[in-house]
Amino acid sequence: MVNGESTGEGQMVIRRIREHVATHNWFAVGIDFLIVVAGIVIGTQVNNWNQARIERKQGDEYRERLLADLQSNDAHNQNRRSYWQDVRRHAQAALSGPRNGPDNDAAFLVDAYQASQILTSQSRRFTYDELISTGRLEHLGGPELRNQVAGYYVSLQAYGTVLNAIPAYREFLRQEMPTAAQQAVRTQCAEIFFPGPDGSPFNRLPDKCSLNLAPAVSAEAITAVRSAPGVVEHLNRVIADLDVKLAVLTAMDEQSRQLQKQITEASSNS
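Now for a quick tour of the structure. As a convention, each chain's residues are numbered from 1 in the sequence order in which they are written. For a predicted model such as this one, the threshold for reporting local features is a pLDDT of at least 70, and the threshold for listing and counting side-chain atom pairs is 80 or more; totals across whole chains, interfaces and linings nevertheless cover every residue. Computation of side-chain values covers all heavy atoms of the structure but excludes hydrogens and water.

Here the focus is the state of the cysteines. When the sulfur atoms of two cysteines come within 2.5 Å, that pair is taken as a disulfide. Considering all chains together, one arrives at 1 disulfide under this definition. For Cys189, the disulfide goes to Cys209, at an S-S distance of 1.6 Å. The chirality of the disulfide connecting Cys189 with Cys209 is left-handed, given an S-S dihedral of about -55 degrees. Highlighted residues: Cys189 in the loop between helix 7 (179-188) and strand 1 (192-195) and Cys209 in the loop between strand 2 (201-204) and helix 8 (215-226), separated in sequence by 20 residues. Three exposure classes are used, based on accessible area relative to the maximum for each residue type with a 1.4 Å probe and protein chains only: buried under 20%, partly exposed in between, and exposed over 50%. Residue class for Cys189 comes out buried when judged on its relative accessible area of 2%. Given the relative accessible area of 25%, Cys209 is considered partly exposed. Strands are runs of DSSP state E lasting at least two residues, helices are runs of H or I lasting at least four, and both sets are numbered from the N terminus onward.

So, in structure tokens, the structure goes:
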């Protein structure tokens with residue numbers, strides 16, 4: 001209806017201009033011309049304001065979604081930190097086992113096996129990928145914020161190489177420990193899965209686990225693992241690998257915290 005009214009008004013102005021030209025009323029022609037120009041300027045300005053309003057709204061929505069992605073990544077990192085701290089604890093306990101543990105200590109088998117556990121995952125980046133693919137990254141805010149966002153996601157790729165690395169000990173342990181002992185740990189000391197804040201599955205190792213295994217089977221498995229060449233070196237490498245991963249998580253947490261602060265400030269100033 002508005003477009004129809006605008007078209008009708010435009011036609012009326014054109015007719016008036018023609019009439020004034022025909023009567024040589026140049027003053028009126030000038031007035032009509034100014035009216036047309038003013039209408040065009042005002043219409044353009046209104047469109048610009050409306051487009052700016054739409055882009056501000058989209059910027060608010062994207063920043064809100066980015067915050068949700070960052071908070072999801074933080075939650076996954078917290079789960080990884082807790083999980084890897086448990087793996088490190090088992091590795092540290094297993095490391096003392098090959099040297100001075102008793103021959104019938106089935107807890108050594110649990111520690112040795114759990115020290116080989118890994119937890120890989122991908123960081124959430126749906127919103128950022130959408131911003132890049134649609135060319136709407138500028139909707140987020142100024143250059144500094146955009147650079148910080150881009151830097152965070154570039155860092156995720158580098159961090160992922162470290163966080164998803166699988167130590168050689170995992171394959172080593174599964175080759176050296178007898179199958180019966182491995183199956184006993186997997187069934188009697190199974191990982192615990194539970195939903196995370198965003199609904200995705202999280203997991204952790206059991207706090208306590210008593211392995212019910214025949215003494216002969218347990219003794220055979222303990223001897224096999226303890227006598228495996230390089231077991232101490234492998235466990236040392238696992239601990240060093242986990243220390244690096246935990247340090248990376250700390251760096252990621254700080255980077256995420258700073259970025260969330262900037263995004264929140266940008267939303268407050270929009």
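The term salt bridge refers to a pairing of a side-chain nitrogen on Lys or Arg with a carboxyl oxygen on Asp or Glu at a separation within 4 Å. With the rule as written, the count across this model stands at 11 salt bridges. Where Arg124 meets Asp69, a salt bridge forms, and the shortest distance between an N and an O atom there is 2.7 Å. Remark: Asp69 occurs in helix 2 (residues 26-100) and Arg124 occurs in the loop between helix 3 (106-114) and helix 4 (126-134); sequence separation between them is 55 residues. A relative accessible area of 1% means that Asp69 is categorised as buried. We note a salt bridge from Asp241 to Lys245, for which the minimum N-O separation is 3.1 Å. Of this pair, Asp241 and Lys245 both sit in helix 9 (residues 231-269), 4 residues apart, roughly one helical turn.

What follows covers the nonpolar core. Ranked by internal contacts, the top residues of the largest apolar core, which has 57 residues, are Leu109 and Leu211. Contributions of two or more residues to this core are made by helix 2, helix 3, helix 4, helix 5 (143-163), helix 6 (168-176), helix 7, helix 8 and helix 9. When residues of this core are assigned to their parent elements, the largest contribution, 13 residues, is made by helix 9. Discounting chain neighbours no more than four positions away, the residues touching Leu109 are Met177, Ala181, Val185, Leu211, Leu213, Ser218, Ala221 and Ile222. Take the buried Ala, Val, Leu, Ile, Met, Phe, Trp, Tyr and Cys residues and link them wherever side-chain atoms come within 4.5 Å; each set so joined is a nonpolar core. The contact rule is simple, with two residues in contact once any of their heavy atoms fall within 4.5 Å.

We now examine the packing of helix 3 against helix 8. Axes here refer to lines fitted to C-alpha atoms; in helices the fit is confined to the stretch in contact. Angles between the N-to-C directions go from 0 to 180 degrees. At a minimum axis separation of 9 Å, helix 3 and helix 8 run at an interaxial angle of 50 degrees. Compared by their axis directions, helix 3 and helix 8 come out oblique. Here helix 3 and helix 8 pass one another in a crossing that is left-handed. Within the contact between the two elements, helix 3 uses Ala106, Phe108, Leu109 and Ala112 and helix 8 uses Ser218, Ala221, Ile222, Val225 and Arg226. Any angle between 65 and 115 degrees counts as roughly perpendicular, while under 35 counts as roughly parallel, over 145 as roughly antiparallel, and the rest as oblique. Take the far helix as the reference: if the near one is turned anticlockwise from it by less than a right angle, the crossing is left-handed, and if turned clockwise, right-handed.

The next subject is helix 4. Given 3.6 residues to a turn, an α-helix orients residues that are three or four positions apart in the same direction. Where helix 4 is concerned, the buried positions are Thr127, Tyr128 and Leu131. One side of helix 4 carries all its buried residues, which in axial view fall inside an arc of 100 degrees. Structural note: helix 4 exposes Phe126 and Ser133 on the side pointing more than 90 degrees away from its buried face. Gly135 lies just past helix 4 and shows a positive phi near 70 degrees. The directions considered for the arc are those from the helix axis to the C-beta atoms.

Purely spatial values, then, with no claim about function.
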